[in-house]
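Summary of the model geometry
In case you want the letters, here they are:
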Protein chains: 2
Amino acid sequence: MSESGAALRNTRQRSAVSALLAEVEGFHSAQDLHAMLRSRGERVGLTTVYRTLQGLADAGEIDVMRPPGGEHLYRRCSEGHHHHLVCRVCGRTVEVAGPAVETWAERVAAQHGYADVSHTLEIFGTCPGCVR
Amino acid sequence: MSESGAALRNTRQRSAVSALLAEVEGFHSAQDLHAMLRSRGERVGLTTVYRTLQGLADAGEIDVMRPPGGEHLYRRCSEGHHHHLVCRVCGRTVEVAGPAVETWAERVAAQHGYADVSHTLEIFGTCPGCVR
DNA sequence: GCGTTTTTGACAATCATTCTCGTTGTCACG
DNA sequence: CGTGACAACGAGAATGATTGTCAAAAACGC
């Protein structure tokens, strides 16, 4: 399960997706990213973009958000566990860390005998620029 | 369109959905609930189930969860704000309250100038019965 | 009962995501 | 450097939950 068996291959497409994610700010949908790659002249299939994003997400290199609107949004984030504070108008996102929340979640789960705990948490609000 | 004059009507279908939600335990998808109603002999359209669930969710009478699997899950829950601790194997769910989390979220959002704050939080784990 | 207005429901439409499968590119090894 | 095995690609089809449509049916006030 660790890095021993997988043997991922280095491909042009994978690099392209990674490179794009390194440049863009904020969250973007798979289709969005695919369109950007296309307009850059990169020839990458939509299927591959999905596969690559999934792989990166599994590897923990990018974060996935499922907003109440439908499509999955991906973003390259700082390492380590954190959550997002998202403006529901313009989408501006701030990464926030909440050690207290992590321990709280662990404790609550443990109290009920649940093991192997993970959690999802998003905070939505209206950012200063969108309030007026 | 205006919220003041809405005047919802009492219909057999609406009652059926409500009644079913009052009986079943745990989260169920719209399609799931629809199938149950059908097998009971209730004649309700799938479209209506969706509409009714949405209405109930808007009214705050049921909770909606979007698990990483795809479909929306609905459940009749206790009143008031709370979150869910869900077994990722069998789906067994515990309602948990975390006043500390609520205030933390508010505070973090306020620090960044975000107003009108809401949040979503789910905890996933493996429940005692599914661990072995 | 009667008319008005909401609600229903069968079906079509939408649309992001996943699957399929023949083709192509990588990489390890000789 | 050549070659073979096999992962990765990609175009299009398939999937499947959710939403839109609109004529017909049901509920409520009087």
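Residue numbering note: each chain is counted from 1, following its sequence as written. Note on labels: chains are lettered from A, ligands numbered from 1, in written order. Owing to the predicted nature of the model, reporting of local features is limited to residues with pLDDT of at least 70; listing and counting of side-chain atom pairs is limited to 80 or more, with chain, interface and lining totals taken over all residues. In computing side-chain properties, one takes all heavy atoms of the structure into account and sets aside hydrogens as well as water.

With that settled, the discussion passes to the nonpolar core. Ranked by size, the top nonpolar core spans 26 residues in total, and within it Leu85(A), Trp104(A), Tyr114(A), Leu85(B), Trp104(B) and Tyr114(B) carry the most contacts. Numbering of helices and strands starts at the N terminus; helices are DSSP runs of H or I of at least 4 residues and strands are runs of E of at least 2. Only strand E4 (83-87), strand E5 (93-96), helix H4 (99-111) and strand E6 (115-126) of chain A together with strand E4 (83-87), strand E5 (93-96), helix H4 (99-111) and strand E6 (115-126) of chain B provide two or more residues apiece to this core. Each residue touching Leu85(A), except ones within four places of it in the same chain, is listed here: Arg92(A), Thr93(A), Val94(A), Val96(A), Ile123(A), Val108(B), Ala109(B), His112(B) and Tyr114(B). Each nonpolar core is a collection of buried residues, namely Ala, Val, Leu, Ile, Met, Phe, Trp, Tyr and Cys, held together in the definition by side-chain atoms within 4.5 Å. For every residue, the accessible area (1.4 Å probe, protein chains only) is compared with the maximum for its type, and the residue is labelled buried under 20%, exposed over 50%, or partly exposed between those bounds. Ala16(B), Leu37(B), Val49(B) and Leu56(B) belong to the second largest nonpolar core, which has 14 residues in total. Contacts: residue pairs with any heavy atoms within 4.5 Å of one another.

Another point: the protein's contact with DNA strand D. Residues in close proximity to DNA strand D total 20 residues, the closest being Thr48(A), Arg51(A), Tyr50(B), Gln54(B) and His72(B). Throughout, near means a residue has at least one heavy atom within 4 Å of the molecule or strand. Near-protein atoms of DNA strand D (within 4 Å) split between backbone and bases, with sugar and phosphate holding 69%. Under this definition, polar contacts are N or O atom pairs within 3.5 Å; protein pairs additionally need one hydrogen-donor-capable and one acceptor-capable atom, and for neighbouring residues in sequence, both atoms have to be side-chain atoms. Residue Arg9(A) places a side-chain N or O atom 3.2 Å away from a base oxygen belonging to DNA strand D. One of the backbone nitrogen or oxygen atoms of Asn10(B) is found 3.3 Å away from a phosphate oxygen of DNA strand D. Residues that form the surface near DNA strand D fall into these classes: three nonpolar, ten polar and seven charged. Residues are grouped as follows: Ala, Val, Leu, Ile, Met, Phe, Trp, Tyr, Cys and Pro are nonpolar; Asp, Glu, Lys and Arg are charged; all remaining types, including Gly, are polar.

Let's shift gears to the interface of chain A and chain B. Residue-level contacts link 36 residues of chain A with 37 residues of chain B. In total, chain A and chain B occlude about 2,900 Å² of area from one another, counting both sides; carbon and sulfur atoms represent 63% of this. On the chain A side of the interface with chain B, the three residues burying the most area are Arg66(A), Trp104(A) and Tyr114(A), jointly 25% of the side's total. Within this document, salt bridges are pairs made up of a side-chain nitrogen of Lys or Arg and a carboxyl oxygen of Asp or Glu, the two lying within 4 Å of each other. Counting the contacts that link chain A with chain B gives two salt bridges. The closest approach of N and O atoms between Arg88(B) and Asp116(A), which form a salt bridge, is 3.4 Å. Here's the idea: put two parts together, see how much 1.4 Å probe accessible area each one loses, and the total over both is what we call buried area.

As a further point, take the protein's contact with DNA strand C. As a matter of local geometry, DNA strand C sits amid 20 residues, with Arg9(A), Tyr50(A), His72(A), Arg9(B) and Arg51(B) nearest to it. The sugar-phosphate backbone supplies 66% of the atoms of DNA strand C found within 4 Å of the protein. In this structure, a phosphate oxygen belonging to DNA strand C sits 2.6 Å away from a side-chain N or O atom of Tyr50(A). Within the side chain of Thr48(B), an N or O atom sits 2.9 Å from a phosphate oxygen of DNA strand C. Only helix H3 (46-58) of chain A together with helix H1 (12-23) and helix H3 (46-58) of chain B provide two or more residues apiece to the surface near DNA strand C. Split by residue class, the surface near DNA strand C holds three nonpolar, ten polar and seven charged.

Bringing the confidence of the model for chain A into the picture now. On a scale of 0 to 100, pLDDT captures the predictor's confidence in every residue. In the predicted model, chain A carries a mean pLDDT of 88, and 95% of its residues have values of at least 70. Predicted confidence is poor over residues 1-5 of chain A, with pLDDT under 50, and the contacts of this stretch with residues over four places away or in other chains come to zero contacts.

Picture the strands of a sheet paired through backbone hydrogen bonds; they go either parallel or antiparallel. Residues and elements named next belong to chain B. Pairing between strands is defined by DSSP: at least two bridges between them are needed. Overall, antiparallel pairing links the three strands, which are arranged E1-E3-E2 in an open sheet. In the strand order of this sheet, the two ends are held by strand E1 (28-29) and strand E2 (62-65), each with one partner. Relative to strand E3 (residues 73-76), E1 is paired through two bridges, and the arrangement is antiparallel. Residue pairing across strands places Ser 29 opposite Leu 73, the latter belonging to E3.

This next bit is on the packing of H1(B) against helix H2 (residues 30-39) of chain B. Residues and elements named next belong to chain B. Whenever a helix is involved, its axis is fitted only over the stretch in contact; in every case the axis is a line through C-alpha atoms, and angles between N-to-C directions fall within 0 to 180 degrees. Running from N to C, H1 and H2 cross one another at 105°; their axes reach a closest spacing of 11 Å. In terms of orientation, H1 and H2 fall into the roughly perpendicular class. The residues of H2 that touch H1, namely those facing Ala 16, Val 17, Leu 20 and Leu 21, are Leu 33, Met 36 and Leu 37. Looking at the contact of H1 with H2 residue by residue, the classes come out as seven nonpolar, no polar and no charged. Small angles under 35 degrees read as roughly parallel and large ones over 145 as roughly antiparallel, with 65 to 115 read as roughly perpendicular and the rest as oblique.

Moving on: the environment of Val64(A). All names here are of chain A. The topology assignment puts Val 64 in strand E2 (residues 62-65). Accessibility expressed as a relative area gives 37% for Val 64, which makes it partly exposed. Linking Val 64 and Phe 27, residues 37 residues apart in sequence, is a C-alpha distance of 8.5 Å. Non-local contacts of Val 64, meaning those with residues more than four positions away in its chain, are made with Ala 57, His 72, Leu 73 and Tyr 74.

The copies are overlaid by a least-squares fit using only the C-alpha atoms of residues whose pLDDT is at least 70 in both copies. Once chain A has been moved 0.1 Å along the axis and rotated by 179°, it coincides with chain B to within an RMSD of 0.3 Å. Accordingly, the operation relating the two chain copies is best matched by a two-fold axis. Considering only C-alpha atoms, the residue of chain A closest to the rotation axis is Leu121(A), which sits at 2.2 Å. An overlap of 100% is found between the interface residues of chain A and their copies at the interface of chain B, pointing to a shared contact surface.

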